[in-house]
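Spelled out from the first residue to the last, the chains are:
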Amino acid sequence: MPSTLDDYEVLYSIGSGSYGTCKKIKRKKDGKVLVWKQLDYGCMSEAEKQLLVSEVNLLRELKHQNIVRYYDRIIDRVRTSLYIIMEYCQGGDLSSLIQRAKKEKQRLEAAFVWKIFAQVVSALKICHRRTGGQAVLHRDLKPANVFLDANKNVKLGDFGLARVLHHETSFAKTFVGTPYYMSPEQMNYSQYNEKSDIWSLGCLIYELCALHPPFTANNQKDLAIKIRAGKFARIPAIYPDELQEVIVRMLQVEEDRRPSIEILAKHPQVLLLSSPEKPHSKLSGSGDSVDEKSTKLKEWEDRLARKEEDIKRKERQLLTKEQDIESRLKQLELREKTFEEKVKKREQRILSKDVTSKYTQPKRSPTIQPTSTGSPFYEILPPSCMTKARKDEMSPKKKVHFDENGKLCRQAYSNYKHSELKARLQRAKSRALELRSVEKEATTKSHQILGMR
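Residue positions are counted from 1 within each chain, in the order its sequence is given. The model is predicted, so local features are restricted to residues of pLDDT at least 70 and side-chain atom pairs to those at 80 or more, both for listing and for counting; the totals for chains, interfaces and linings are taken over all residues. As a rule here, side-chain values come from all non-hydrogen atoms in the structure, and water together with hydrogens is ignored.

Asker: Please clarify how the overall build of the protein chain should be interpreted in this entry.
Answerer: Secondary structure elements follow DSSP: runs of H or I no shorter than four residues count as helices, runs of E no shorter than two count as strands, and numbering proceeds from the N terminus. Scanning the protein chain from terminus to terminus reveals 12 helices and nine strands. Each residue is assigned to one of three classes by its accessible area relative to the maximum for its type, calculated with a 1.4 Å probe on protein chains only: buried under 20%, partly exposed between the two thresholds, exposed over 50%. Residues counted as buried form 34% of the 453 residues belonging to the protein chain. Whether two residues touch is decided by their heavy atoms; if any such pair falls within 4.5 Å, the residues are in contact. Here the contacts in the protein chain between residues at least 6 apart in sequence split such that 62% fall between residues at least 24 apart. Using the Shrake-Rupley algorithm and a 1.4 Å probe, accessible areas are obtained, with residue cover drawn only from the displayed protein chains. A total of about 29,700 Å² of accessible surface is found on the protein chain, and carbon and sulfur atoms cover 52% of it.

Asker: Got a minute to help me understand the pattern of salt bridges in this structure?
Answerer: Close approach of charged atoms allows side chains of opposite charge to pair. One speaks of a salt bridge when a side-chain nitrogen belonging to Lys or Arg is within 4 Å of a carboxyl oxygen belonging to Asp or Glu. Inspection of every chain in the model, using the stated rule, returns 12 salt bridges. Note that Lys26 and Glu9 form a salt bridge whose closest N and O atoms lie 4.0 Å from each other. Of this pair, Lys26 sits in strand β2 (residues 20-27) while Glu9 sits in strand β1 (residues 8-17), and the two are 17 residues apart along the sequence. Here Arg258 and Glu185 are joined by a salt bridge, their closest N and O atoms 2.8 Å apart. Here Glu185 lies in helix α4 (residues 184-187) and Arg258 lies in the loop between α7 (241-250) and α8 (261-265), a separation of 73 residues in the sequence. With respect to burial, Arg258 and Glu185 carry one shared label: buried.

Asker: What is the right way to look at the packing of aromatic side chains in this model?
Answerer: What characterises a pair of aromatic rings is the spacing of the ring centres plus the angle enclosed by the ring planes. Aromatic pairing here means that ring centres of Phe, Tyr or Trp (its six-membered ring) are within 6.5 Å. Orientation follows from the plane angle: under 30 degrees is stacked, over 60 is edge-to-face, and everything else is tilted. Per the counting criterion, the structure on display carries six aromatic pairs. On the basis of an interplanar angle of 85° and a centroid distance of 5.6 Å, the ring pair of Tyr206 and Phe232 is categorised as edge-to-face. Taken together, the residues Tyr206 in helix α5 (residues 195-210) and Phe232 in the loop between α6 (220-229) and α7 connect sequence positions 26 residues apart. For the pair Phe215 and Phe232, a centre-to-centre distance of 6.0 Å together with 85° between the ring planes defines the contact as edge-to-face. Of this pair, Phe215 sits in the loop between α5 and α6 while Phe232 is found in the loop between α6 and α7, placing the two residues 17 residues apart along the sequence. According to the relative accessible area criterion, Phe215 is buried, its value standing at 1%. Put simply, the rings of Trp199, Tyr206, Phe215 and Phe232 touch in pairs and so form one group of aromatic residues.

Asker: Which parts of the structure should I look at to understand the pairing of strand β4 (residues 70-76)?
Answerer: Remember that side chains alternate between the two faces of the sheet whenever the strand is regular. Each pair of strands is called paired provided DSSP finds at least two bridges between the two strands. With six bridges joining them, β4 and strand β5 (residues 81-87) adopt antiparallel strand pairing. The partner of Ile74 across the bridge, within β5, is Tyr83. Counted along the chain from β4 to the antiparallel partner β5, the turn is four residues long, and its residue Thr80 has a positive phi close to 50°.

Asker: Even after reading the chapter, I still don't get the packing of helix α3 (residues 110-128) against α7, so can you show me in this structure?
Answerer: Each packed pair of helices is defined by two parameters, the angle between the axes and the distance between the axes. Axis definition: a line fit to C-alpha positions, over the contact stretch in the case of helices; interaxial angles, taken between N-to-C directions, run 0 to 180 degrees. Between α3 and α7, the shortest axis-to-axis distance is 11 Å and the interhelical angle comes to 35°. You can see that α3 and α7 cross each other, and the crossing is left-handed. Across the interface between the two elements, Val113, Trp114 and Phe117 from α3 touch Glu242, Leu243, Val246 and Met250 from α7. As a working rule, the residues Ala, Val, Leu, Ile, Met, Phe, Trp, Tyr, Cys and Pro are called nonpolar, Asp, Glu, Lys and Arg charged, and the rest polar, with Gly in that last group. Split into classes, the residues belonging to the contact of α3 with α7 amount to six nonpolar, no polar and one charged. The crossing is said to be left-handed when, going from far helix to near helix, the turn is anticlockwise and less than a right angle, and right-handed when the turn is clockwise.

Asker: Looking at this model, I keep getting lost on a positive patch on the surface. Mind explaining?
Answerer: Here a patch means residues that are over 30% exposed by relative accessible area and free of salt bridges, tied together within 9 Å if like-charged and within 5 Å if nonpolar (Val, Leu, Ile, Met, Phe, Trp, Tyr). For the charge count, each Lys or Arg is scored as positive and each Asp or Glu as negative, with His and the chain ends excluded. The atom standing in for a charge is NZ when the residue is Lys, CZ when it is Arg, CG when it is Asp and CD when it is Glu. Together, Lys345, Arg346, Arg349 and Lys445 give the surface a local cluster of positive charge. In terms of residue count, helix α11 (residues 288-359) provides more of the positive patch than any other element does, three residues in total. Structurally, Lys445 can be placed in helix α12 (residues 406-452).

Asker: What should I look at first to understand α7 in this one?
Answerer: Residues lying three or four places apart along an α-helix face the same way, a consequence of the helix completing one turn every 3.6 residues. Residues of α7 that are buried: Leu243, Gln244, Val246, Ile247 and Met250. Buried residues of α7, seen end-on, are gathered within an arc of 160° and therefore sit on one face of the element. Exposed side chains of α7 directed beyond 90 degrees from the buried face belong to Asp241 and Glu245. What the arc covers is the set of directions going from the helix axis to the C-beta atoms.

The structure is reproduced here in structure tokens:
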């Protein structure tokens, strides 16, 4: 028996749009909370009515854990209204989640972004690869059309702009969707296929990371120029390079370079996070669950093998660098040792030269040095020291005789020798200071060499 409006109790209005009003309702027979989308088809054109019929038919056929579930439809011919009854998504939509994160100045966790990516890919795979060869384009994939349940699982909804392609080579031509998430081929009013949804998915994942679309402008003309150029900033550095690479692959200007939904479904993160599409396949004995696990295991083994090879390569590079550093250290030690030997040899040569010059100088008669008064020291001697010896008539040579004051003459000469020795000692001390200075410079250079190590 078809259901009627009296079978449901309206709780409150959730929102409204150009195509109708959305209200939260409760089914009276079991108290289940649902949502109905009220659409007034009386004022619709034939094209809009066709879109409405398409959405109802698609919702009825598309059954997947990540697509909003269709329950029933009620036609009120008196009010020319159609009520589509669907499951209630308690978590709201991604657009509200992004706005809340932007207001609180917080980033969404990378694990959550990967989860959304994996579940949207799983939902699009059902749309793009339906049985019978008919692909369904969502054509309006954006944060406001991706809902969340109580456990933050994806529920893809709003198929009002979806279009059925009856063959893989078919292309859509109409200009529909939200400009921020439109593909370059849509902006060029060209034919497009399911790769257009891949572009929109790339924009959606980018916005989850950056909290704003990858392409923004003040008007649609400038926006179209940016989308055709395909240049955008990297997502924040807190997100891994692997996520950035996936976004870059999806946002390729040339549609042939974008990955298909099958390729995205084989990504390791998708294989790890996606729930099995057939939860009872294990009980039915089809073996799909075992195959999926084997595929996941193989993917992980491949990733581990690549990481191990990368680690080994880095270890070899580190070993080469260590050997190079050790070789340079040995060279520095050899240079330091050679330098020290040269310094020691120089010091020994200087000392040897000084000692040799000290003890091998020829003996010279003492040079008469002036006294403090400027006169030679002999001028201060007593006259008796300066008396000439009388000549002996029997001897052809002169003889020197010392009188009783001769002691005073010897004392003066001794004082003169003492002053000369002090002068030589002073010169030796000066030389020692010079040697110490040389030694200090050598030590400083040695420390500098050690510091370079």
